[in-house]
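Overview (structure and organization)
One letter stands for each residue in the lines below.
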Amino acid sequence: MKKLRWLVLVLALFLAGCKVELYQNLPQSEANQMVALLMLNHIDVNSDIDAKTGKVTLKIEKDKFINAVELLRQNGYPKANYVDIEQLFPSGQLVSSPAQEEAKMSYLKEQQLERTLSNMDGVISARVSIAENVKSGSTNYSNATDKSAAIYIKYSPEANLSSSETQIRNLIKNAVPDLQYENISLFLQPADFRYQPSMQKSDDPGWVDAHHWIVANKTPVTIGLGSVFIAGVACLAIRRKRES
């Protein structure tokens with residue numbers, strides 16, 4: 001049994017340096033939150049900061065890639081990119097028509113509401129659509145009547161977001177002028193969690209401590225063809241043991 005354990009340790013040494021890119025061009029604050037979440041779930045991750053842009057790239061062990069992506073997805077990471085007023089109305093731009101100005105303001109309002117809803121605890125993603133029915137023959141959005149809003153929220157099933165439905169509707173109503181409460185459509189959908197926490201490979205604290213030491217120190221290891229052969233034997237032995 002001890003020989004098998006050491007063979008598995010050799011295999012872990014061989015695979016310790018296999019890192020793949022998880023996400024890139026992340027703001028530092030968001031990257032820190034993602035790293036903290038992964039570490040809380042015992043998933044080791046490396047972060048590289050671009051000295052020129054300040055953006056962060058996250059790298060992870062290949063065998064943890066699927067769990068890491070799914071864990072981040074079900075917690076709303078990475079966050080969606082939202083436009084701001086400077087992007088919609090850049091300085092020096094030619095004056096657009098009143099209808100175009102109103103359309104841009106409506107889009108900006110939708111983005112602001114989506115960002116607000118996404119910051120609520122348990123919300124994974126949020127979409128807001130505001131519609132304005134303009135009187136026939138008119139091109140002036142100030143004559144719009146019967147405003148309506150449709151909100152879609154995907155949330156973590158661990159959060160009891162259904163109890164906040166009234167507060168969400170009131171938030172939308174107060175943010176959009178002349179919007180009636182009965183014209184607000186809200187759809188809440190719990191996310192499907194596919195993340196499975198990694199099972200501890202051994203109850204032996206020595207094996208666990210050795211694995212943590214390898215990952216923490218990232219010690220460079222040179223393995224020849226003989227060690228690769230041993231690693232393959234270890235994989236075969238583990239498979240046969242599970243099948244027996």
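Above this text is the structure in question.
Computed from a predicted model, the values in this text were never measured in an experiment.

Now for unusual backbone geometry. In this structure, Pro78 follows Tyr77 across a cis peptide bond, with omega equal to -10°. Among the secondary structure elements, Pro78 is positioned in the loop between helix H3 (65-73) and helix H4 (85-88). A positive phi angle is found at His42, which is not glycine, with a value near 60°. Take His42: it is sitting in the loop between helix H2 (28-40) and strand E2 (45-49). Here His42 falls in the exposed class, since its relative accessible area comes to 68%. With phi around 65°, Asp178 is a residue other than glycine that occupies positive phi space. Residue placement: Asp178 occurs in the loop between helix H6 (165-175) and strand E6 (184-190).

Attention now moves to the environment of Leu188. Here Leu188 shows up in strand E6. Leu188 sits 36 residues away from Tyr152 along the chain, and the two C-alpha atoms are 6.2 Å apart. Ignoring any residue separated from it by four or fewer positions in sequence, one finds Leu188 in contact with Ile153, Tyr155, Leu161, Ser162 and Ile168.

What follows covers the nonpolar core. A general feature of soluble globular proteins is that nonpolar side chains tend to end up buried together. Core analysis: the biggest nonpolar cluster contains 18 residues, and Leu117, Ile151, Ile153, Ile172 and Leu188 have the highest contact counts within it. Contributions of two or more residues to this core are made by helix H5 (98-118), strand E4 (123-133), strand E5 (145-155), H6 and E6.

With that out of the way, let us pick up H2. Compared with an ideal rise of 1.5 Å per residue, which puts 13 residues at 18 Å, H2 spans 18 Å between its outermost C-alpha atoms and is within 8% of the ideal. Within the span of H2, buried status applies to Glu30, Ala31, Met34, Val35, Leu37 and Leu38. The buried side chains of H2 occupy one side of the element, clustering within an arc of 160° when seen end-on. Pointing more than 90 degrees away from the buried face of H2 are the exposed residues Ser29, Asn32, Met39 and Leu40. In this fold, the buried residues of H2 make contact with strand E1 (19-26), E2, strand E3 (56-61) and H3. Backbone geometry just downstream of H2 places His42 in the positive-phi region, at approximately 60°.

Let us now look at the packing of H2 against H3. The interhelical angle for the contact between H2 and H3, taken along N-to-C directions, is 115°, at an axis separation of 10 Å. At the point where H2 passes H3, the crossing takes the right-handed sense. Contacts from Met34, Leu37 and Leu38 in H2 reach Ala68, Leu71 and Leu72 in H3. For the contact of H2 with H3, the class distribution of residues is six nonpolar, no polar and no charged.

Turning next to the pattern of salt bridges. Should their charged atoms come close, side chains of opposite charge can pair. Enumeration over the complete set of coordinates arrives at three salt bridges. Between Arg73 and Glu70 there is a salt bridge, with its nearest N and O atoms 2.5 Å apart. In this pair, Arg73 and Glu70 both sit in helix H3, three residues apart, roughly one turn of the helix. Since its relative accessible area comes to 23%, Arg73 is described here as partly exposed. Here Arg169 makes a salt bridge to Glu165, at a shortest N to O gap of 3.3 Å. Taken as a pair, Arg169 and Glu165 lie in helix H6 at a separation of four residues, close to a single helical turn. Looking at Glu165, the relative accessible area reads 31%, which means it is partly exposed.

On to the packing of aromatic side chains. Enumeration according to the criterion identifies one aromatic pair in this entry. For Lys79, the ring lying beneath its charged end belongs to Tyr77, and the centroid distance is 4.9 Å.

Basis of the calculations
Residues numbered from 1 in each chain as written. Predicted model: local features only at pLDDT ≥ 70, side-chain atom pairs only at ≥ 80, totals over all residues. Heavy atoms only, no water. Helix = DSSP H or I, 4+ residues; strand = E, 2+ residues; numbered from the N terminus. Buried < 20%, exposed > 50% of the residue type's maximum accessible area, 1.4 Å probe, protein only. Contact = heavy atoms within 4.5 Å. Core = buried A, V, L, I, M, F, W, Y, C linked by side-chain atoms within 4.5 Å. Expected span 1.5 Å × (residues − 1). Arc of directions from axis to C-beta. Axes fitted to C-alpha atoms, helices over the stretch in contact; angles between N-to-C directions. Left-handed = near helix turned anticlockwise from the far one by under 90°. Nonpolar A, V, L, I, M, F, W, Y, C, P; charged D, E, K, R; others polar. Salt bridge = Lys/Arg side-chain N within 4 Å of Asp/Glu carboxyl O. Phe/Tyr/Trp six-rings, centres within 6.5 Å; stacked < 30°, edge-to-face > 60°. Lys NZ or Arg CZ within 6 Å of the ring centre and 35° of its normal.

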